Amino acid sequence: MRLVAWQPDDLLRRLDDVVAVYGEAMGYRQELLQTRRGYIGAHVRRPGFRAVATLTTDGRLAGFGYGYTSGPGQWWHDQVRSALDEPSRQHWLGDCFEVVELHVRPAAQGHGIGARQLRALLAMADGKTVLLSTPEADEQKSRAWRLYRRFDFVDVLRDFYFPGDERAFAILGRELPVVDRPAEDAPGIVGI
């Protein structure tokens, strides 16, 4: 497998694959996936957009991740902002990179792909902080939670509900830049 940096047009060319991986990883219904397709297509034009993909040797998409500069007028940013007090808004959202999506096909999970993708996104991110949301889960059992904690993400909001989703989410954050420490999951990225 190889990790590659994607430009907006790279992601758009593989949008069907991206939506398929997203659906497999999140377990969302088909009708929601069509809505997400439109959102993802629009996200590539946001300021500070950065994306990575993990491709198998035959070019199949095993995982992907992307983010951009978080700012007023963006739905996620405004939802989170409304739940924070003013000092937290200033700290977390003042100069923030938002990890919007980070997914690995379930069959490919457990092999460090998510960690490599996250490390690459954080290395490319602009800003002083990074935020993401993830469904609430048992932190010891959830691969996503273990990954975020390994990357020193801390609680910003817990048990947060986004309009239109019945599940509780956690908003996690950390400061940038990431001080790179030696790790087995930090191979080079093709295309950067």
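Everything numeric in this text was worked out from a predicted model, so none of it was measured.

Topic: the overall build of the protein chain
- Across its full length, the protein chain holds 7 helices and 7 strands.
- When its helices and strands are written in sequence order, the protein chain yields β-α-α-α-β-β-α-α-β-α-β-α-β-β.
- Here the C-alpha coordinates of the protein chain stretch approximately 50 × 40 × 35 Å along the principal axes.
- Looking at the protein chain as a whole, 47% of its 192 residues qualify as buried.
- Accessible surface, the protein chain: about 9,700 Å² in total, of which carbon and sulfur atoms supply 49%.
- Each charge sign in the protein chain was given a centre, from 25 positive and 26 negative side chains, and these centres are 4 Å apart.

Some points on the sheet that holds strand β3 (residues 61-69)
- With mixed pairing, the 7 strands of this open sheet are ordered in space as β1-β2-β3-β4-β5-β7-β6. The open sheet is flanked by β1 (2-6) and β6 (154-160), the only strands paired with a single partner. Across the sheet, the axes of successive neighbouring strands diverge by a mean angle of 20 degrees, strand direction being ignored.
- Looking at chain direction, strand β5 (residues 129-135) and strand β7 (residues 169-175) are connected through 7 bridges and run antiparallel. Bridging from a neighbouring strand, Thr129 pairs with Glu175 of β7.
- This element, helix α4 (residues 75-83), spans β4 (96-104), β5, β6 and β7 of the sheet and lies at about 90 degrees to β6.

Quick notes on the environment of Asp17
- Structurally, Asp17 is set in helix α2 (residues 15-26).
- Judged by relative accessible area, Asp17 falls into the partly exposed class, the value being 26%.
- Taking C-alpha positions, Asp17 is 9.4 Å from Gly63, a pair spaced 46 residues apart along the chain.
- Apart from residues lying up to four places away in sequence, Asp17 is in contact with Leu61 and Arg105.
- Within the structure, Asp17 has its side chain in polar contact with the side chain of Arg14 (distance 2.6 Å).

Description of the nonpolar core
- In this structure, Trp6, Leu11, Leu61, Tyr66, Leu131 and Ile171 are the most contacted members of the largest nonpolar core, which totals 34 residues.
- Examining the composition of this core, we find that 5 residues originate from one element, α2, more than from any other.
- Those residues in contact with Trp6 that sit more than four places away from it in its chain are Leu11, Arg14, Val18, Ala51, Val52, Ala53 and Leu61.
- Within the second largest apolar cluster, 23 residues are counted, among which are Leu121, Leu132, Phe151 and Phe153.

Section: the packing of helix α6 (residues 113-124) against helix α7 (residues 143-150)
- Relative orientation of the contacting elements α6 and α7 amounts to 40 degrees, with a least axis distance of 10 Å. Here α6 is positioned oblique relative to α7, judged by the angle of their axes. Our pair here, α6 against α7, has a crossing hand that is right-handed. For the pair α6 and α7, contact is made by Gly114, Ala115 and Leu118 and by Leu147, Tyr148 and Arg150, respectively.

Re the confidence of the model for the protein chain
- Taken over all residues, the pLDDT of the protein chain has a mean of 92, while the share at 70 or more is 93%.
- Below pLDDT 50 for its whole length, residues 182-187 participates in 7 contacts with residues either more than four positions away or in separate chains.

Calculation rules
Residues numbered from 1 in each chain as written. Predicted model: local features only at pLDDT ≥ 70, side-chain atom pairs only at ≥ 80, totals over all residues. Heavy atoms only, no water. Helix = DSSP H or I, 4+ residues; strand = E, 2+ residues; numbered from the N terminus. Buried < 20%, exposed > 50% of the residue type's maximum accessible area, 1.4 Å probe, protein only. Areas by Shrake-Rupley, 256 points an atom, 1.4 Å probe, with all protein chains shown as cover. Lys, Arg positive; Asp, Glu negative; His and termini not counted. Charge placed at Lys NZ, Arg CZ, Asp CG, Glu CD. Pairing = 2+ DSSP bridges. Axes fitted to C-alpha atoms, helices over the stretch in contact; angles between N-to-C directions. Contact = heavy atoms within 4.5 Å. Polar contact = N/O pair within 3.5 Å; in protein donor to acceptor, adjacent residues only side chain to side chain. Core = buried A, V, L, I, M, F, W, Y, C linked by side-chain atoms within 4.5 Å. Parallel < 35°, antiparallel > 145°, perpendicular 65-115°, else oblique. Left-handed = near helix turned anticlockwise from the far one by under 90°. pLDDT = per-residue confidence, 0-100.

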